[in-house]
Amino acid sequence: MSSPRDRDGADDGSDWQEPAHLSGDEPADPPNFADRRRQPRDGDHTAQGPGWQPPGWDLPAAEPDRERRSDPDRERRSEVDPSWAPPPSPTDAPERQRGGLFGSRPRTRDPEMERAFSYEGDQLGAQSWALQHGWTVSDGSGPQDAALIDLLASAPVRPGKDARPAGVLRGRAGAVELVAFDVVYPSGRQWVATHAITAAPLLGAVPVFRLSPARLWKHGTTGLVPLLSGDEAFDGRWQLLAAEDGPQVRRLAQDPAVHGLLLGTDDGDEFWTGAGHVAAVRPDGHRPQLIEHHARLLTAIVAALAAGV
């Protein structure tokens, strides 16, 4: 039986030699390799001489009228059409009513709140009306207007610490002296009217009370107790709060003339006493119709408070 070891020594690797190009025995620069390195390949740019450049490398000569010659319609296209106008900017589009979380849906508003808090003041119209009826006009900064600051501070509304009386009108409505003014607050460089107040001064002791629509939320009523009139229709829409149950506020609660006038309104006014006045306030700016409206209501309230005195 034979094995690889039984063969002769031809395949034992003893006669293997390293190739000449790896053993270092190869000549340093064989003639055939040297000749190839000295001869450039086809397409080699060094063979074209130092002035050779790829096709299209050079730019055309700088001739002033080159573009005009190549494009004869260039001047016609560069003329601006006098009827052309820039497209409208997004800011020029009419403002849309925004609503929803990101303004994608219109917001539904209560018509009553929209009417109540929209500014409808007509200051020039109110002043013109006042002058035609023999009333006086002031800007609210005179000595006789100092009491209006205290009256405003006692109001059932919250106009803000920077609010002040403005456009003060004084005159007589029948047998009652009245003062009407706007409550304004600063907004930028102008004053904005937020409420209209009309008040009548009272003589003697003035009971503390507040007469407000039942639908309105009320604040600052500590120490005031409700008084019912006995008229379910009136008590369902109006609420009378008083510091004490005295004869004056009792007559006011049960006065039929006051009931008839208030039930015929839109329940948009509030009445209170403060600084020696009984006053009415509405979230609006004064205008002739509002002055006459407040005058009718205050005349009836003053008459009810003065009855039997």
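Residues numbered from 1 in each chain as written. Predicted model: local features only at pLDDT ≥ 70, side-chain atom pairs only at ≥ 80, totals over all residues. Heavy atoms only, no water.

Before we move on, can you summarise the overall build of the protein chain with the specific residues and values?
If you tally the helices and strands in the protein chain, you get 11 helices and nine strands. Classification of the 309 residues of the protein chain by burial places 32% in the buried group. (Helix = DSSP H or I, 4+ residues; strand = E, 2+ residues; numbered from the N terminus. Buried < 20%, exposed > 50% of the residue type's maximum accessible area, 1.4 Å probe, protein only.)

Talk me through the packing of aromatic side chains; I want residue IDs and the actual numbers.
Taken as a whole, this structure holds two aromatic pairs when the rule is applied. Centroid distance Trp129 to Trp135: 5.1 Å. Interplanar angle 75 degrees. Geometry classified as edge-to-face. The class for Trp129 is buried, based on a relative accessible area of 12%. When the ring of Trp238 is compared with that of Phe271, the centres are 6.2 Å apart and the planes differ by 45 degrees; the resulting orientation is tilted. (Phe/Tyr/Trp six-rings, centres within 6.5 Å; stacked < 30°, edge-to-face > 60°.)

Tell me about helix 7 (residues 146-153), residues and numbers included.
For helix 7, the complete set of buried residues consists of Leu148, Leu151 and Leu152. All buried residues of helix 7 fall inside an arc of 100 degrees around its axis, so they share one side. Opposite its buried face, helix 7 presents the exposed residues Asp150 and Ala153, each directed more than 90 degrees away. Residues of helix 7 that are buried in the fold lie against strand 2 (164-173), strand 3 (176-187), strand 4 (190-201), strand 8 (270-274) and strand 9 (277-282). (Arc of directions from axis to C-beta. Contact = heavy atoms within 4.5 Å.)

Any details on the sheet that holds strand 3? Residues and values, ideally.
Strand order in the open sheet formed by nine strands is 1-2-3-4-9-8-5-7-6, with antiparallel pairing between adjacent strands. Here the strands that pair on one side only, and so sit at the sheet edges, are strand 1 (136-138) and strand 6 (225-227). Here the strands of the sheet are splayed against their neighbours by 25 degrees on average, with no regard to which way each runs. On top of the sheet, helix 7 reaches strand 2, strand 3, strand 4, strand 8 and strand 9; it is set at about 105 degrees to strand 2, its chief contact. Running at roughly 145 degrees to strand 9, helix 11 (residues 288-306) makes contact with strand 2, strand 3, strand 4, strand 5 (209-213), strand 8 and strand 9 of the sheet. (Pairing = 2+ DSSP bridges. Axes fitted to C-alpha atoms, helices over the stretch in contact; angles between N-to-C directions.)

Break down helix 9 (residues 247-254) for me, citing the residues and quoting the values.
The complete set of buried residues in helix 9 reads Val249, Leu252 and Ala253. Mapping the buried residues of helix 9 onto a view down its axis gives an arc of 100 degrees, with all of them on the same face.

Run through the pattern of salt bridges, naming residues and quoting values.
Counting across every chain of the model gives seven salt bridges. The partner of Asp145 in a salt bridge is Arg170, and the shortest N-O contact between them spans 2.6 Å. One end of the pair, Asp145, is in the loop between strand 1 and helix 7; the other, Arg170, is in strand 2, with 25 residues separating them in the sequence. Judged by relative accessible area, which is 2%, Asp145 ranks as buried. We classify Arg170 as buried; its relative accessible area is 18%. What you see here is one network of salt bridges that share partners, running through Asp266, Asp269 and Arg282. (Salt bridge = Lys/Arg side-chain N within 4 Å of Asp/Glu carboxyl O.)

Pulling in residues and values, what's your account of the layout of surface pockets?
Computed from the structure, the second largest pocket encloses a volume of approximately 220 Å³. In this structure, the second largest pocket is lined by 12 residues; those nearest its centre are Leu202, Leu203, Gln248, Leu305 and Ala306. Grouping the constituent residues of the lining of the second largest pocket by class yields 10 nonpolar, two polar and no charged. (1 Å grid on protein atoms, 1.4 Å probe; cavity = no way out; pocket = protein on both sides within 12 Å on 5 of 7 lines; lining within 4 Å. Points joined across faces, edges and corners; volume = space filled by probe spheres on them. Nonpolar A, V, L, I, M, F, W, Y, C, P; charged D, E, K, R; others polar.)

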